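Observations on the three-dimensional arrangement
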Amino acid sequence: MTTAADVLRIATYAAPLTRDGPGLLLRDILRGDDPQVTAHAAIIAQADPDLLVLTDFDYDLDSIALRAFAALFDPPYPYLFAARPNTGMPTWQDIDRNGRLGEPRDAQGYGLFNGQGGMAILSRLPIDAGGVTDLSALLWRDLPGADLPVLDGGPFFAPAVLDVLRLSTTGHWIVPVLPPDAPPFAIMAYAASPPAFDGPERRNIRRNRDELRLWEHVLAGHFGPVPDDFVITGNTNLDPQRGKGDRAAMAAFLAHPLVQDPLAGQPTADWRAIGLGKLRVSYVVPSRGWQVVDARVVWPVPDGDPAFGAHHLVWVDLAR
């Protein structure tokens, strides 16, 4: 019989805890009265996950902002993980071919500075930081079957761009989690490029698809043994039924024989204000070995309150 002590709540939240310069998020967290920080912390506290993957959270080298944010909860989250994201990382190339260098779209992933809008994990379970597999440095061209953009019948990217351009917009992590009285499992976390803001070359649509394809290669064992139990989670920026992007690819991934989809058809973001409607973009996708006890999108939040943003927290309760 499954008891409450056996159940783990795994969550992801694309909370826009990002600012226009380094150190500004830490300032707002420490200030204690920032309405956006307060709103997102309240949502997380209400859901009370055992492990949370935050996307769109600014990174700093010593995780000072992350530790300050984790301390807002009672009890604080004792185990934290963050690695340098690709967002804002300079490439020194004209990625978008507009004739200018050093702009946010010329970075490995869109960002005003390296670390803007990164990822972070807060956990009540121990994390094996030394055992993390970080696939974030994989070049896009080196992904098997990479769907690189073309324009006017030829490659969109110059060879010098392909020599440096990474696949991951933010990052792809395989993070071992070590429950004290249960077998380990892996969190596979990422946040993909939105399939928009490009031109006829469709570079962002293709990149978004290939960022998902990387997980398909991981599940095929092309990047090492597949963990017995895992959870793929984060912001795919891809709805299997609506919106832009390769919807069929997302639908096929959710039907993969190694995973299960506890929240099929449930939207996780509300962009009605800009005409996109409600879309499903954030996911918690467990492997087949888990028993899904419950699952929910924390919806709705107060209408018209800009502090909450468009995205909603997603959690799944799991047992083995």
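This text follows the structure it describes.
**Some remarks on the overall build of the chain**
Check the secondary structure of the chain and you find 6 helices and 15 strands. In terms of overall size, the chain behaves like a compact globule, its C-alpha atoms giving a radius of gyration of 19 Å where 320 residues would be expected to give roughly 20 Å. Summarising its shape, the C-alpha atoms of the chain cover approximately 60 × 45 × 40 Å along the three principal directions. Looking at the chain residue by residue over its 320 residues, the buried ones come to 55%. Across the chain, the fraction of contacts at a sequence separation of at least 24, relative to all contacts at a separation of at least 6, is 74%. Surface exposure of the chain reaches about 13,700 Å², of which carbon and sulfur atoms provide 54%. If the 27 positive side-chain charges of the chain are averaged to one point and the 38 negative ones to another, these points end up 5 Å apart.

**Section: the pairing of strand β8 (residues 172–177)**
Within β8, 6 of the 6 residues are buried, which leaves the element mostly enclosed by the surrounding structure. Side chains His-172, Ile-174 and Pro-176 of β8 all project onto a buried face; the interleaved residues Trp-173, Val-175 and Val-177 project onto the opposite face, where all are buried too. Direction of pairing for strand β5 (residues 133–134) relative to β8: antiparallel, over a ladder of 2 bridges. Each bridged residue has a counterpart across the sheet, and for Asp-134 the counterpart in β8 is Trp-173.

**Describing the sheet that holds strand β2 (residues 51–57)**
On the basis of which strands lie adjacent, the open sheet formed by 6 strands has the order β3-β4-β2-β1-β15-β14 and mixed pairing. Single-partner strands in this sheet number two, and they are β3 (79–81) and β14 (291–297). For this sheet the average axis-to-axis angle between neighbouring strands, irrespective of direction, equals 15°. In this sheet, strand β4 (residues 118–123) lies alongside β3 in antiparallel orientation, the contact comprising 3 bridges. Paired with Leu-80 across the bridge in β4 is Leu-122. Together, β1 (8–13), β2 and β15 (314–319) form the strand contacts of helix α2 (residues 35–47), whose direction differs from that of β1 by roughly 160°.

The rules behind these values
Residues numbered from 1 in each chain as written. Predicted model: local features only at pLDDT ≥ 70, side-chain atom pairs only at ≥ 80, totals over all residues. Heavy atoms only, no water. Helix = DSSP H or I, 4+ residues; strand = E, 2+ residues; numbered from the N terminus. Rg over C-alpha atoms; globule rule 2.2 N^0.38 Å. Buried < 20%, exposed > 50% of the residue type's maximum accessible area, 1.4 Å probe, protein only. Contact = heavy atoms within 4.5 Å. Areas by Shrake-Rupley, 256 points an atom, 1.4 Å probe, with all protein chains shown as cover. Lys, Arg positive; Asp, Glu negative; His and termini not counted. Charge placed at Lys NZ, Arg CZ, Asp CG, Glu CD. Pairing = 2+ DSSP bridges. Axes fitted to C-alpha atoms, helices over the stretch in contact; angles between N-to-C directions.

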